[in-house]
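Structural overview
Here's the letter readout for the chains.
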Amino acid sequence: MDFEILDRRVLSETDARSVAELICTVWPKPGRTVELYAELMLSEWHDYRGPKETFPRFFILREGGRVIACAGADPRTIGTSQGEMMILALKRVCTAPAARGRGLGQAVVEVVFDMVNDGIYPFALFQTKESVRPFYEKLGAVVAQNRIVNSLGDDPAANP
């Protein structure tokens, strides 16, 4: 499969809209529109100053000009008992409903996980619903048993 890599630091309006269309289709929410979500994506990451190999990106697949599968790979600095560490944050993994059953979700996640396999990141960390957990476990993911605190969340003391 030919994946495209969209650099989040310089995301075009056209690409932001294409990704937003997929995300809004897969996860509709009241008040979330393609326009607002594209605008949000366009406002993020312009000031990224980290290592060049860890720039924030989307891995996407297109069919007929439309984005049909997507996975985000963003750098995240976490605090550990060993000090700060930059890890891979896997996010916005989705496949268009009409394209499901073709292994595209697995393929797009595997290309993101290659960033761990290639040594760019020590590991990936992400949250998902319990119902989706078997999908990621099939790809080698394991549940983190230690307490995790999301300092960017609505309740920084909550254990996501």
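Scroll up for the structure.
These lines cover the structure that appears in this document, whether it is placed above or below. Here the structure is a predicted model, which means the values were calculated and not measured.

**Regarding the packing of aromatic side chains**
One pass over the full model with this rule turns up 4 aromatic pairs. Residues Trp45 and Tyr48 carry aromatic rings whose centres are separated by 6.0 Å and whose planes lie at 65 degrees to one another, so their mutual orientation is edge-to-face. Tyr48 shares its class with Trp45; the two are buried. A centroid spacing of 6.2 Å and a plane angle of 35 degrees characterise the contact between Phe113 and Phe126, whose relative ring orientation is tilted. Linking Phe113 in helix H3 (residues 104–117) with Phe126 in the loop between strand S5 (124–125) and helix H4 (133–138), this pair joins segments that are 13 residues apart in sequence. According to the relative accessible area criterion, Phe126 is partly exposed, its value standing at 23%. By way of ring pairs, the aromatic residues Phe113, Phe126, Phe135 and Tyr136 are connected into one cluster.

**Regarding the sheet that holds strand S4 (residues 83–95)**
Reading across the sheet, the 5 strands line up as S1-S2-S3-S4-S5 and stay open at both edges, with mixed pairing between neighbours. Each edge of the open sheet is held by one strand with a lone partner, namely strand S1 (4–7) and S5. Pairing of S4 with S5, which is carried by 2 bridges, proceeds in the parallel orientation. When the sheet's bridge partners are listed, Leu88 is paired in S5 with Ala124.

**Looking at the packing of helix H1 (residues 13–26) against helix H2 (residues 34–43)**
As a packed pair, H1 and H2 sit with axes 8 Å apart at the nearest point and diverge in direction by 125 degrees. One way to sum up the angle between H1 and H2 is to call them oblique. Relative to H2, H1 is oriented so that their crossing is right-handed. Residues Glu13, Ala16, Arg17, Val19, Ala20, Glu21, Ile23 and Cys24 of H1 form the contact with H2, whose own contacting residues are Val34, Glu35, Tyr37, Ala38, Met41 and Leu42. Looking at the contact of H1 with H2 residue by residue, the class counts come to 10 nonpolar, no polar and 4 charged.

About the cut-offs
Residues numbered from 1 in each chain as written. Predicted model: local features only at pLDDT ≥ 70, side-chain atom pairs only at ≥ 80, totals over all residues. Heavy atoms only, no water. Phe/Tyr/Trp six-rings, centres within 6.5 Å; stacked < 30°, edge-to-face > 60°. Buried < 20%, exposed > 50% of the residue type's maximum accessible area, 1.4 Å probe, protein only. Helix = DSSP H or I, 4+ residues; strand = E, 2+ residues; numbered from the N terminus. Pairing = 2+ DSSP bridges. Axes fitted to C-alpha atoms, helices over the stretch in contact; angles between N-to-C directions. Parallel < 35°, antiparallel > 145°, perpendicular 65-115°, else oblique. Left-handed = near helix turned anticlockwise from the far one by under 90°. Contact = heavy atoms within 4.5 Å. Nonpolar A, V, L, I, M, F, W, Y, C, P; charged D, E, K, R; others polar.

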